[in-house]
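One letter stands for each residue in the lines below.
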There are 6 protein chains.
Amino acid sequence: MKKEKVPKILVINPILQSEFDKADKEFFLRKFGSSLEIEVESIDFGPASIESYYDEVLAAPFVVKKVIEAEKRGFDAVVINCFLNPGIHAARENVNIPVIGAGEAAILMALMIGEGFSIVDPGPRKYVSYVPPEQVRKMGVTAHFVSVRGAGVAVLDITKNLEKTTKMIGEQAKLAVEEDGADVVVLGCTGLVGLAPRLQGLINTPVIDPAVAALRMAEALCGMDLIPNRIAYPKPPEKKRKFPF
Amino acid sequence: MKKEKVPKILVINPILQSEFDKADKEFFLRKFGSSLEIEVESIDFGPASIESYYDEVLAAPFVVKKVIEAEKRGFDAVVINCFLNPGIHAARENVNIPVIGAGEAAILMALMIGEGFSIVDPGPRKYVSYVPPEQVRKMGVTAHFVSVRGAGVAVLDITKNLEKTTKMIGEQAKLAVEEDGADVVVLGCTGLVGLAPRLQGLINTPVIDPAVAALRMAEALCGMDLIPNRIAYPKPPEKKRKFPF
Amino acid sequence: MKKEKVPKILVINPILQSEFDKADKEFFLRKFGSSLEIEVESIDFGPASIESYYDEVLAAPFVVKKVIEAEKRGFDAVVINCFLNPGIHAARENVNIPVIGAGEAAILMALMIGEGFSIVDPGPRKYVSYVPPEQVRKMGVTAHFVSVRGAGVAVLDITKNLEKTTKMIGEQAKLAVEEDGADVVVLGCTGLVGLAPRLQGLINTPVIDPAVAALRMAEALCGMDLIPNRIAYPKPPEKKRKFPF
Amino acid sequence: MKKEKVPKILVINPILQSEFDKADKEFFLRKFGSSLEIEVESIDFGPASIESYYDEVLAAPFVVKKVIEAEKRGFDAVVINCFLNPGIHAARENVNIPVIGAGEAAILMALMIGEGFSIVDPGPRKYVSYVPPEQVRKMGVTAHFVSVRGAGVAVLDITKNLEKTTKMIGEQAKLAVEEDGADVVVLGCTGLVGLAPRLQGLINTPVIDPAVAALRMAEALCGMDLIPNRIAYPKPPEKKRKFPF
Amino acid sequence: MKKEKVPKILVINPILQSEFDKADKEFFLRKFGSSLEIEVESIDFGPASIESYYDEVLAAPFVVKKVIEAEKRGFDAVVINCFLNPGIHAARENVNIPVIGAGEAAILMALMIGEGFSIVDPGPRKYVSYVPPEQVRKMGVTAHFVSVRGAGVAVLDITKNLEKTTKMIGEQAKLAVEEDGADVVVLGCTGLVGLAPRLQGLINTPVIDPAVAALRMAEALCGMDLIPNRIAYPKPPEKKRKFPF
Amino acid sequence: MKKEKVPKILVINPILQSEFDKADKEFFLRKFGSSLEIEVESIDFGPASIESYYDEVLAAPFVVKKVIEAEKRGFDAVVINCFLNPGIHAARENVNIPVIGAGEAAILMALMIGEGFSIVDPGPRKYVSYVPPEQVRKMGVTAHFVSVRGAGVAVLDITKNLEKTTKMIGEQAKLAVEEDGADVVVLGCTGLVGLAPRLQGLINTPVIDPAVAALRMAEALCGMDLIPNRIAYPKPPEKKRKFPF
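In this text, all values refer to a predicted model and were calculated from it rather than measured experimentally.

Participant: Can you break down the interface of chain F and chain A residue by residue, with the values?
Facilitator: Taken together, the 41 residues of chain F in the interface contact 42 residues of chain A. Counting only elements with at least two residues in the side of chain F that touches chain A, the list comes to β3 (46–47), α2 (53–72), α3 (88–94), α5 (125–128), α6 (131–139) and β10 (241–242) of chain F. If you tally residues by element for the side of chain F that touches chain A, the top one is α2(F), at 9 residues. Residues of the side of chain F that touches chain A, tallied by class, amount to 22 nonpolar, 7 polar and 12 charged. In this structure, strand β10 (residues 241–242) of chain A lies alongside β3(F), joined through 2 bridges in antiparallel fashion. Looking across to β3(F), one finds that A:Arg241 is bridged to F:Pro47.

Structure follows, in structure tokens:
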């Protein structure tokens, strides 16, 4: 009868502003209770939000740095709390604890509960049409990928009018199901955290919250007693690396 | 602060003999402590073990029956504890709780921790060369599938000489890594439950135990507040169905 | 100059009611004349029709049983007369004669006569959107799969108003060609037997009747002098199997 | 009770020499008895054998010409008797009768009887390593393609020492099964006609004769009452075409 | 400092009429200045234009003949100036200089500048729906293939009313981007040479001219010092080949 | 007759040390003469060499910065001179000139000259087994990907004993051809610049130098008059981005 120790997980918001950190932490606390010990932290440098490859590139070095520190600080796992999983492979190369990306976790969970998933993103079409398909292709799971849709809300405006955001996301989610043929909707941005239950009510189809999926997967991995995968993610060789931090 | 209620999960061993049930339950109790409430039950009809499509066909109706009853008995989720997931889709059509197959869960977990997985099965080559590839193809994740190997142990002999079984499985796991190029090993039979840590020690590469993976995934799904997927798995229409039980 | 002996084929209707058996047999007799010796039989247990994975699971054990008996009764080949091919792999494991599934045969014939096929099913969208794509993916021929469409007729109502059924199927077949871009239509249910010529007249595009395709493929295989494929479908090992029949 | 009329099929050997025509016809007569009416004809221009894309290009115009004439002469179907199916699409554009390629028919039949096929060709490795994979990819059935092997016999030497040819092909077929993991062997050249039964005896695995498979598929298609596929293969528009024959 | 010698490239128009040759040459001269030495020649036999597999088959032998002569005449590379690349593999087998197909070059260039390409063809839908998808599949790059569209202009009418042709092509290109989701448009016919800049102006999306792409790729390959690929394209063995020219 | 202006291309070595820059520039000058105006520059921060995802992540922000500056400095195109193309998508989002990655260019060129390519890398197996397959999968060209092999030379040791490096690379290239079945070898590291001709001599098979391929592709793209692809790579929206440079 073990039980005393619960996994201690660092959720990294790979963006600048830290006001989200507190809201996220409160949400996770309500959601996960005492089954997980969760800290939420953002990064000191990087973009205000992640809506392009450029943002991903600017965030990744600081995510990796934070993951390395997290291991030293005694965390059992790290969640990179962004659908694009910035720096995930590089982070895995550097630590011996599980590193979970919100996008990866959400997509794999979609495979577990249905046959065809659509990704519904807050952003306008032009920011969503190219990144998610590449991510799905890179993950090698195109067989179940139905479509991607954007709702036309800028990431930083999501919480300004949550009712409107929910309505706009809900409309695209409905179209993903009715026109594209999806049977699972994956939210394409961790900024939509907490919205899944209301969206499920609107469209009567399972909706996956990537942040929650990532924490659940982190918890699952912590309970697997797996050793690090040093073949897929070998330790980077020692050599000169110069970085301005 | 919730926490009181832990998920109650029924593990169905889709085979005849019930002596495994008790051993499995004890192992799961040691492994999961009080974080899950687990029952393990086998089926009244079907095969002594599952090593062919024929066995799968004979087990599936009784698995589905048991899943339907599990929902009525108040279980929060069901694990079909066999790498071939017999009856999984049919079960999902009939209930509103998550139904997790050990093979599916193990393969999806492999995608989360590495780039290329091999399935190592106890059975001889001829029983493993055709089923796992179809399963992987059906799941649509061939991009990460490296190879399948069989160790030449009959399922019912696994526990007769566990040392020998471990050695034989370990040799194939080693070849999967060194010759085939796998970076994750997925055990291809739930009869190998509990062996993963020793195998990891032998090959220094992550080894996934499908029964444990399924329970962890069941726990994760129970914490997602997802509604049933009635598009992918619609309720079968009412009509005459005659079955001899 | 041989010629005396024609292949003797058992067509198994993997459903309960037997009134279809006689109609099917008369149709096949008109269609195939004396070039094949055909018997049509349904199963004693199972579902009234096959419209879900659940129905498939309930039918499969009885299909396999009948296939095993068919070999003993001297049949040269067996056709599983349902688009979902219930029990096909398990049946192949148990006998040395060809076992042909109507769905498999129809899809492979479609590959032989065109570049992109759609499956048009009698059932409503919700019953067709998930099974055929998995079947096509399992067969590994997604490259030529254009779409699946459902006409909204319950399987057991097909023959109640054949004119209306034909019209409804014809409309979806037309859309499959004009909107989806198919150049071959595969009927997704053997309950539509005999309808293909009229549909071809309506849409001016080849339409494949799965029951006829299966019998033609069975005839072709009987003339190939092939030995059984014991690698892909090894004989299931002897062991305890308990089943209530 | 029909039966009087049997399908009349033209087998086109897309090569120059005609001594093979007679041997092929005698073999087909023994094999098919009176169930098919078969003529075998070679072409007036083209290569002595087909072992390169160059040979295919030189043969194709004359194959198409012969297919057009065959329809006028009253044949019910045409078999292009070469694994590379030279001119098959162009032929289909020009006629309303089925045109079957030996390679296509053999590969589709392999899909019907197993899970993974290898192509074993008489030619040396360098002539086989590039053409069959492209053919399989073009057909869109790579999921079941295991390997290709060449035996090192020039096409025109096949019949010079049939015993030796059989032995050399048999060795590669054995390796395809034992090392590559194939469960069906497809012979990669119609010059090997009639060898399949002996090879099956040697390797205890099904071996598909592409010429026989093509005739069986032609017979099957003749019995399907299908209309021509004018979407996939529209009639070429009338215009100036200048050709030196 | 080298520079004296520029690559000498033969552009083969694989069609009968030669009036296009002069216009093409003038266009290329304006476009490429003195950086390439270009000759444009059509073939003596074959079709007036290439709009079917039949046309391709009739043109291919004469293309190969011309490629062989081109090498003897001292050209450094050959461009087969047709989207269908007639005879390309056969040509490569016979010479030691690069042979570039306009369709292949355009599609590969599309992969270099975007994530999803559509092919827009002058011809009506029925002539375009089947050939380009097979070409893309044969090339193995379906992952980036978005759609194919036809504008309904016969190849030989393209230049009769260039304004109208441009408008019709532009409309389909616009739909490819807005409805199908393409981010690059590949023109599906070398008869549209020179139109790309105006189309880019209309749709504000990159448009690839296959003839120009082929010449640029030919120039690039000439500067790579690559030896011929005799594994993929081995020299055809010497033997009897009879052809009426 | 234009000709005066040649494309001005910046080659970015995405690594710290600058001694390579001069050697590279001299090589390119000898190789390209006056047909291109080439500058070679490395980055101020980042890793000493790129052998891991970690190195890629550390280099990418500085590559993007340099690409943005290159456009302002009047370059016509930029080459990211590393097989892993660090920062390529992010760079494309930010500028209106072509950005070519050495890995992408080399792989696409391989598709143009053969049927199956292998990547031969200097590094040991463990550093090469995971990155190139993902890169190929992300590019969507797995159909032609044969294998990846590592020679066991650290990137920074390549030039220390060039003879030995050549020999070790040559051995793996030979195995890629003879055992894996490749017909084109792509060098997996731009540190091997200039070695291709000698390797071709050793293995008698085309060998692609990624740095040269990238410059040739850059030259080709500069001559295409293409507008930027703002759909696939939209300009990142203005917002706060904080970075320590």
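More follows now that the structure is in view.
Participant: Tell me about the relation of the copies chain F and chain A, and name the residues and values.
Facilitator: Take chain F, turn it by 180°, move it 0.0 Å along the axis, and it overlays chain A with an RMSD of 0.0 Å. Between the two chains, the operation in question is that of a two-fold axis. When C-alpha distances to the rotation axis are compared across chain F, the minimum falls at F:Lys138, with a value of 2.4 Å. A shared binding surface is used by both copies, with 100% of the interface residues of chain F retained as interface residues in chain A.

Participant: Tell me about the sheet that holds strand β6 (residues 117–121) of chain D, and please be specific about residues and values.
Facilitator: All names here are of chain D. As summarised here, the arrangement of the 4 strands in space is β7-β6-β8-β9, forming an open sheet in which the pairing is parallel. What marks the edges here is a single partner per strand, and that holds for β7 (145–150) and β9 (207–208). Strand direction decides the pairing type here: β6 and strand β8 (residues 184–187), joined by 4 bridges, are parallel. Across the sheet, residue Phe 117 finds its bridge partner in β8, namely Val 184.

Participant: Provide a residue-level description of the interface of chain B and chain C, including the pertinent values.
Facilitator: Taken together, the contact between chain B and chain C spans 42 residues of the former and 41 residues of the latter. Of all elements in the fold, only β3 (46–47), α2 (53–72), α3 (88–94), α5 (125–128), α6 (131–139) and β10 (241–242) of chain B reach the threshold of two or more residues within the side of chain B that touches chain C. At 9 residues, α2(B) tops the list of elements feeding residues into the side of chain B that touches chain C. Class assignment of the residues belonging to the side of chain B that touches chain C gives a composition of 23 nonpolar, 7 polar and 12 charged.

Participant: Summarise the packing of helix α4 (residues 102–113) of chain F against helix α9 (residues 210–222) of chain F; cite the residues concerned and give the values.
Facilitator: Residue and element names in this part refer to chain F. One way to put it is that α4 packs onto α9 with a least axis distance of 8 Å and a crossing angle of 85°. The orientation of α4 relative to α9 falls into the category roughly perpendicular. Taking contact as the criterion, the partners of Ala 102, Gly 103, Ala 105, Ala 106 and Met 109 in α4 are, on α9, Pro 210, Ala 211, Ala 213, Ala 214 and Met 217.

Participant: Requested: an account of the relation of the copies chain B and chain C, with residues and values cited.
Facilitator: The two copies are related by a screw motion: chain B maps onto chain C through a turn of 180° and a shift of 0.0 Å along the axis, at an RMSD of 0.0 Å. A high fraction, 98%, of the interface residues of chain B reappear at the interface in chain C, so the copies pair face to face through one surface.

Participant: Describe in detail the domain arrangement of chain A, supporting the description with residues and values.
Facilitator: All names here are of chain A. What the domain assignment reports for chain A is domain 1 (8–101 + 213–222) and domain 2 (103–209). On a C-alpha basis, the centres of domain 1 and domain 2 stand 20 Å from each other. Each partner contributes to the interface: domain 1 provides 16 residues, whereas domain 2 provides 18 residues. Of all elements in the fold, only α1 (19–32), β5 (99–101) and α9 (210–222) reach the threshold of two or more residues within the side of domain 1 that touches domain 2. Sorting elements by how many residues they give to the side of domain 1 that touches domain 2 places α9 first, with 3 residues. Here the side of domain 1 that touches domain 2 is built from residues that sort into 9 nonpolar, 5 polar and 2 charged.

Participant: So, the arrangement of the chains: which residues are in play, and what are the values?
Facilitator: Separated without contact, chain A and chain D have their nearest C-alpha atoms at a distance of 13 Å. At the C-alpha level, the nearest point of chain B lies 13 Å from chain E, with no contact between them.

Participant: Please set out helix α9 (residues 210–222) of chain E residue by residue, giving values where relevant.
Facilitator: Relative to the 18 Å expected for 13 residues at 1.5 Å per residue, α9(E) spans 18 Å between its end C-alpha atoms, a close match to the ideal helical length. The element α9(E) is extensively covered by neighbouring structure, given that 13 of its 13 residues are classed as buried.

Participant: Any details on the sheet that holds strand β1 (residues 8–13) of chain F? Residues and values, ideally.
Facilitator: Residues and elements named next belong to chain F. Strand order across the open sheet formed by 4 strands is β2-β1-β4-β5, with parallel pairing between neighbours. Each of the sheet's edge strands pairs with one partner strand only, and the pair in question is β2 (37–42) and β5 (99–101). Between one strand axis and the next, the sheet turns through 20° on average, direction left out of account. The pairing of strand β4 (residues 77–80) with β5 spans 3 bridges and is classified as parallel. For Val 79, the partnering residue across the bridge sits in β5 and is Ile 100. Packing against the sheet, helix α1 (residues 19–32) makes contact with β1 and β2, and its axis sits at approximately 165° to β2.

Participant: So what's going on with unusual backbone geometry? Residues and values would help.
Facilitator: Residues and elements named next belong to chain A. Backbone geometry places Asp 225, a non-glycine residue, at a positive phi of 55°. By secondary structure assignment, the location of Asp 225 is in the loop between α9 and β10. Exposure remark for Asp 225: the 14 C-beta atoms within 10 Å place this residue in the partly exposed category.

Participant: Explain the pairing of strand β4 (residues 77–80) of chain D to me, and be specific about the residues and the numbers.
Facilitator: All names here are of chain D. On β4, burial covers both faces: Ala 77 and Val 79 on one face and Val 78 and Ile 80 on the other are all buried. Where strand β1 (residues 8–13) and β4 come together, 4 bridges link them in parallel fashion. The residue bridging Ile 12 from the neighbouring strand is Ile 80, located in β4. Once you follow β4 into helix α3 (residues 88–94) and on to strand β5 (residues 99–101), the crossover reads as right-handed.

Thresholds, definitions, all that
- Residues numbered from 1 in each chain as written.
- Chains lettered and ligands numbered in written order.
- Predicted model: local features only at pLDDT ≥ 70, side-chain atom pairs only at ≥ 80, totals over all residues.
- Contact = placed C-beta atoms within 7 Å.
- Helix = DSSP H or I, 4+ residues; strand = E, 2+ residues; numbered from the N terminus.
- Nonpolar A, V, L, I, M, F, W, Y, C, P; charged D, E, K, R; others polar.
- Pairing = 2+ DSSP bridges.
- Least-squares fit on C-alpha atoms with pLDDT ≥ 70 in both.
- Axes fitted to C-alpha atoms, helices over the stretch in contact; angles between N-to-C directions.
- Parallel < 35°, antiparallel > 145°, perpendicular 65-115°, else oblique.
- Domains from an automatic or database assignment.
- Expected span 1.5 Å × (residues − 1).
- Buried ≥ 20, exposed ≤ 12 C-beta atoms within 10 Å, placed from the backbone.
- Right-handed = clockwise from strand over helix to strand, strands pointing away.

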